[in-house]
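What follows is the residue order along each chain.
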Amino acid sequence: MDKTSVTAAHRLTSALVTSLLAAFLTAGTADAALVDVPSPDNYVRRSLARATVLNNHVYIEGGQIVQMEDGFRGIRGRVENQVNSTLSIPLNESWKSESVTIKATPKPFTSLSRNNWYLWTDPKEGVFYAWGGYWPFGQEMVTDEVYKFTADDQGGGEWGVETLANGVRLDQLNPGEAGAFTSTGTMGIVIGGQSTPWTQLGRDNTRQLSGMVTFDFESKAMMNGTQRFSPFGDTPVVGASAEYISGIGENGIVMVFGGHVGRTDKEIPIGEMDFFDMRNITFFDPVTKEAWSQVTTGDIPPSPRIGFCTAAFSTKEGGHEVFIFGGENKRDTLVYEDAYVLSLPGFVWTKLPTPPGGERMYHTCVAVGNRQVLSVGGRETEDEGQKPDKIPQGLLLFDMTELKWKLEYDANAAVYKSASSIKDWYKQR
Ligand SMILES: *[C@@H]1O[C@H](CO)[C@@H](O)[C@H](O)[C@H]1NC(C)=O
Ligand SMILES: *[C@@H]1O[C@H](CO)[C@@H](O)[C@H](O)[C@H]1NC(C)=O
Ligand SMILES: *[C@@H]1O[C@H](CO)[C@@H](O)[C@H](O)[C@H]1NC(C)=O
Ligand SMILES: *[C@@H]1O[C@H](CO)[C@@H](O)[C@H](O)[C@H]1NC(C)=O
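Keep in mind the model is a prediction, meaning the values are calculated, not measured.

Definitions and limits used
Residues numbered from 1 in each chain as written. Chains lettered and ligands numbered in written order. Predicted model: local features only at pLDDT ≥ 70, side-chain atom pairs only at ≥ 80, totals over all residues. Heavy atoms only, no water. pLDDT = per-residue confidence, 0-100. Contact = heavy atoms within 4.5 Å. Disulfide = S-S within 2.5 Å. Helix = DSSP H or I, 4+ residues; strand = E, 2+ residues; numbered from the N terminus. Buried < 20%, exposed > 50% of the residue type's maximum accessible area, 1.4 Å probe, protein only. Near = heavy atom within 4 Å. Polar contact = N/O pair within 3.5 Å; in protein donor to acceptor, adjacent residues only side chain to side chain. Areas by Shrake-Rupley, 256 points an atom, 1.4 Å probe, with all protein chains shown as cover. Phe/Tyr/Trp six-rings, centres within 6.5 Å; stacked < 30°, edge-to-face > 60°. Lys NZ or Arg CZ within 6 Å of the ring centre and 35° of its normal.

Which parts of the structure should I look at to understand the confidence of the model for the chain?
Low-pLDDT portions of the prediction should not be read for the details of their coordinates. On average, the chain scores 91 in pLDDT, and the residues at 70 or more come to 93%. Note on residues 1–31: pLDDT is under 50 here. Beyond four places in sequence and across chains, it has four contacts.

Spelled out as structure tokens, the structure:
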């Protein structure tokens, strides 16, 4: 090597060292950019989001994302981990959890970065409405609105603020979280919940709510009522989950699962509240508001239970099955690692194979592709989602006919038929 090439080689090396050093100094500094959709390798955990299906896409709204930053797990606060985009995954093509691309559409207002939204879906109009939810630490809160997301057919869409008609005014309601919400095709419903300083601007206490709020998709009127309106009358309910099942009676029914009996007089820990046993299921006609309860049989899921997810399926033969998965027991401070289906009209529970990926709470589930459940995100422990999810991108699927957990979505799955173990139960009777 002659002298000039040595110098050149030296210059090259020092340039390399300088750029490596620069990269090293930037790595891990507090202003490294966070993203709403980290690469599958950088994914740690998503939680407290909600999902719904519109125009052949799953939309994932709100919640928090913990991610790897430059090879290290980012120890960030809840506010920094808030997801700021509306996410979507296509359902017209098959995909694998480890590699599916999640599309992110930025939101026009930061007030939309919340946890545990109530989402009401109107598939006919291709829109969902978002109300309630909470801002971590009550930061950047705004006055209450019902927001409307109009989906396009590419997995994106537009946000706006809905103008309400007649009914109760928003300033007469206590926006909350942890209510049982569902949509019937013509209206959105939320039963109970709790209002806290993180859900309602200017509020200084936490109280569970009695009553049921309805939002009419056509008239845009909101209502709230207790006796002869909510299936629980004036009993406050927190942490329950609701599923609408069409094809039962004239108006379909709404079934309500789990949760606790809240308090409107004082603040007590949820784990110390009475609870609703999964053995006794309450359901009601969303139009007439007539309510019933039914004692179930089979593998009854342990109670108390909150922070679990549900999804409903109907067969051509007129049977219906509701899937429930995970959640937490705040009385005994444990997180569930289980899943069940409740089959109608028999009101019998069947325990499903143990879900992969460990205990799971504060995830969200949707029925997709005829007979599959897609579970999105969730936490294993009370650690703000720092423990890496063993499920790639937190996307876990369950095939309701095969009764199998999967890490891929099948866009061509056959129509839903009850699993053979459920059919056998009906045959024996
Ligand atoms: C969302 O926006 C907030 C406010 O700008 C920011 O602190 C946070 O880090 C963002 N979230 C993500 C995941 O980038
Ligand atoms: C699925 O829909 C997207 C539009 O959202 C389209 O670009 C793509 O070609 C479709 N795939 C199939 C297999 O139809
Ligand atoms: C609905 O009405 C009940 C009874 O008046 C009230 O306690 C509750 O706070 C109301 N719900 C909401 C969400 O404002
Ligand atoms: C079931 O729950 C309902 C509503 O909470 C209650 O009225 C009914 O008495 C309960 N039935 C049984 C058998 O516990």
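Before we go on, may I ask you to explain the state of the cysteines in this structure?
Each disulfide is one covalent bond, formed between the sulfur atoms of two cysteines. As enumerated under the stated definition, the model contains one disulfide in all. Across the disulfide, C309 is cross-linked to C365 (sulfur-sulfur distance 1.9 Å). You can see C309 sitting in strand β26 (residues 309–314) and its partner C365 sitting in strand β32 (residues 364–368), a full 56 residues away along the chain. Side by side, C309 and C365 carry an identical accessibility label, which is buried.

Would you mind going over the site of ligand 4 with me for this structure?
In the vicinity of ligand 4, the contacting residues are N280, T282, S293 and V295. Within the side chain of N280, a nitrogen or oxygen atom sits 2.3 Å from an oxygen atom of ligand 4. Isolated, ligand 4 exposes 360 Å² of accessible area, and the fraction of that covered by the protein chains is 41%. Looking at the shell around ligand 4, the elements that each hand over two or more residues are β23 (280–284) and β24 (291–295).

Can you walk me through the packing of aromatic side chains in this structure?
Any two aromatic rings considered together are summarised by their centre-to-centre distance and by the angle between their planes. Applying the stated criterion to the full structure yields 29 aromatic pairs. With a centroid separation of 5.5 Å and an interplanar angle of 15°, the aromatic rings of W120 and F215 are classed as stacked. With W120 in strand β9 (residues 118–122) and F215 in strand β17 (residues 212–216), the pair connects residues that are 95 residues apart, well separated along the chain. Overall, the relative accessible area of 0% leaves W120 in the buried class. What links up through ring pairs into an aromatic cluster is the set Y118, W120, Y129, W131, F181, F215 and F217. One cation-aromatic arrangement involves R305 over Y336; the distance from NZ or CZ to the ring centre is 3.7 Å.

Looking at this structure, how should I read the side chain of Q200?
Along the chain, the position of Q200 falls in the loop between β15 (194–195) and β16 (207–208). Of the residues examined, Q200 reaches a relative accessible area of 15% and is grouped as buried. Within the structure, the side chain of Q200 is placed 3.3 Å from the side chain of N174, a separation counted as a polar contact.

So what exactly am I meant to see when it comes to unusual backbone geometry here?
The general pattern is negative phi for most residues beyond glycine and trans for most peptide bonds. Of the consecutive residues S303 and P304, the connecting peptide bond is found in the cis state with omega at -5°. Between L344 and the following residue, P345, the backbone shows a cis peptide bond with an omega angle of 10°. Among the structural elements, P345 can be located in the loop between β30 (339–344) and β31 (348–351). Phi is positive for E140, close to 55°, though the residue is something other than glycine. Classification of E140 as exposed rests on a relative accessible area of 55%. Positioned with a positive phi, N370 is a non-glycine residue whose angle comes to about 70°. Tracing the chain through its elements places N370 in the loop between β32 and β33 (372–376).

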